[in-house]
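Results of the structural survey
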Amino acid sequence: MATQEAFASRTAERTAVRRRPAVVALWTVQVLLAVFLIVASGLPKFAGQQDAVQTFTKIGWGQWFRYFTGVVEVAGGVGLLVPRLAGLASLGLIGVMAGAVVTQVFVLEPAWATFPAVLGVVFGVISHAHRRETAALLDRVLRR
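These figures come from a predicted structure and were not determined experimentally. (Residues numbered from 1 in each chain as written. Predicted model: local features only at pLDDT ≥ 70, side-chain atom pairs only at ≥ 80, totals over all residues. Heavy atoms only, no water.)

Thoughts on a nonpolar patch on the surface
To keep it simple, the criterion reads: Patches here are clusters of residues that have more than 30% relative accessible area and form no salt bridge, with a 9 Å joining cutoff for like charges and a 5 Å cutoff for nonpolar side chains (Val, Leu, Ile, Met, Phe, Trp, Tyr). Areas reported as accessible are Shrake-Rupley estimates using a 1.4 Å probe. Residue values count occlusion only from the protein chains shown. In the sections that follow, a salt bridge refers to a side-chain nitrogen of Lys or Arg positioned within 4 Å of a carboxyl oxygen of Asp or Glu. For helices the rule is a DSSP run of H or I covering at least 4 residues; for strands it is a run of E covering at least 2, with both sets numbered from the N terminus onward. For every residue, the accessible area (1.4 Å probe, protein chains only) is compared with the maximum for its type, and the residue is labelled buried under 20%, exposed over 50%, or partly exposed between those bounds.
Together, V31, V35, V39, L43, F46, Y67, V71, V78, L81, V82 and L85 make up a nonpolar patch on the protein surface, roughly 860 Å² of accessible area in all. Counting only elements with at least two residues in the nonpolar patch, the list comes to α1 (2–47) and α3 (64–81). The element that contributes the greatest number of residues to the nonpolar patch is α1, accounting for five residues. Within the fold, Y67 resides in helix α3. A residue is classified by how much of its surface remains accessible, and Y67, at 39% relative accessible area, is partly exposed.

Have a look at this one:
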């Protein structure tokens, strides 16, 4: 019995060692995306950057939608940095990127739809990697 426990312990250690680079890579990507969402995408919308104002004028939903989008992007970026919220934040950001793809294709410039599409796939990978934390969070919230 002790041999089986020792084998199981060594196997768990090897798995953890192999997973460590993947976990570091995942969190590196999450931090970089969070910085992008907060600094390069969300905050310029709040600051009234000229190209953001023009883009949302072309969309035709009014400037309130620029602020709303900025709030969602900043919230998503912050959520990516919180371990318990990262999966849920990435799921929400998939929706944001889907909206961005549709907007690029039908309203703005179809050639630019590739960037949010790729980001949506990356957010899908992140949400998949955090699926256990997301399930636990939703289970805790729905039980109360």
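Here the narrative resumes, following the displayed structure.
Describing the nonpolar core
Worth spelling out the cut-off: Take the buried residues of types Ala, Val, Leu, Ile, Met, Phe, Trp, Tyr and Cys, join any two whose side-chain atoms come within 4.5 Å, and each joined set is a nonpolar core.
In terms of nonpolar packing, the biggest core is built from eleven residues, these being L26, L33, A34, L37, L80, L93, V96, M97, L119, F123 and I126. Every element with two or more residues in this core is listed here: α1, α4 (86–106) and α5 (114–129). With four residues, α1 is the largest single contributor of residues to this core.

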